[in-house]
Amino acid sequence: MKGTIFVELIKMAEDAFGEDTVDDVLDKADLENGGAFTAVGNYPCSELVKIVVAFSEHSGISPEDLQRKFGHWIMDHFVENYPGFFKDKKDTFGLLEAVDGEIHVEVKKLYPDAELPKFTTERIAEDHLEMVYTSPRPLVEFCHGMIEASLERFNEAADIQRCPVAAQADSAKFDITLTKKAGKAA
Ligand code: HEM
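Owing to the predicted nature of the structure, the values given are computational and were not obtained by experimental measurement.

(A) Structural context of the coordination of the iron atom of the ligand. Of all protein atoms, just one serves as a donor to the iron atom of the ligand, and that atom is H104 (NE2), at 2.1 Å. In this fold, H104 is placed in helix α5 (residues 92-110).

(B) Representation of helix α3 (residues 45-59) within the structure. An ideal rise of 1.5 Å per residue puts 21 Å on 15 residues; α3 measures up with 21 Å between its terminal C-alpha atoms. Taken together, the buried positions of α3 are C45, E47, L48, I51, V52, A54, F55 and S56. Structurally, α3 contributes buried residues whose contacts are with α1 (3-17), α2 (19-28) and α4 (63-81). In the segment just after α3, G60 is the residue with positive phi, at about 80°.

(C) Region of interest: the domain arrangement of the protein chain. What the domain assignment reports for the protein chain is domain 1 (3-61) and domain 2 (73-180). Spacing between the C-alpha centres of domain 1 and domain 2 amounts to 24 Å. Listed per partner, the contact involves ten residues of domain 1 and eight residues of domain 2. Roughly 780 Å² of surface becomes buried between domain 1 and domain 2 when both sides are summed, with 72% attributable to carbon and sulfur atoms.

About the thresholds
- Residues numbered from 1 in each chain as written.
- Predicted model: local features only at pLDDT ≥ 70, side-chain atom pairs only at ≥ 80, totals over all residues.
- Heavy atoms only, no water.
- Donors = N, O, S within 2.8 Å, 3.2 Å for Na, K, Ca; no water.
- Helix = DSSP H or I, 4+ residues; strand = E, 2+ residues; numbered from the N terminus.
- Expected span 1.5 Å × (residues − 1).
- Buried < 20%, exposed > 50% of the residue type's maximum accessible area, 1.4 Å probe, protein only.
- Contact = heavy atoms within 4.5 Å.
- Domains from an automatic or database assignment.
- Buried area = accessible area lost by both parts, 1.4 Å probe.

Here's what the structure looks like:
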């Protein structure tokens, strides 16, 4: 997993808990490289999971909630650093439908060693999207946070139901029904 992702997670933690606490928590987290991550490095996803668990134990916030918060945080980071991917997107569904076939394709060109999830989407109705997330990495809550952050970005709101996918243990389906659309009330 890309070092930028680790760097951002640590920034989020510093923002929430302060630098000294973050240093303490990372010291105690039994990380392979002692907690020194650079944006250009590559690190196992299991290290990210260890960091999340360490901050969860420190703060009492569940690892699931921390992953979701991190989804929101990283979206702000992407908007700032990759504005081109957002320029022609008018709403949440337009953005989510572009992740697999467009955005992550470009990400892979920029970073050939990026480990990206797989998405399929199906527009059930104008206000209803099904999005199936498939990844060997345990980041479904992070994904959920990114979907929520996408909604916020377009000033939309939705009911998001998540369910497992039969016979596909590494997948989850997000059933997203808009309750507020861009530029309109409910
Ligand atoms: C401009 C927008 C985006 C950019 C630049 C971007 C880029 C990236 C990058 C660099 C990674 C890390 C890969 C690695 O560390 O090896 C990643 C992972 C991921 N991205 Fe995106 N992404 C974007 C939008 C989205 C959106 C909208 C979603 C959600 C629905 C999403 C879902 C994910 C997930 C869940 C992962 C974690 C990897 C996994 O679960 O297997 N991304 N993305």
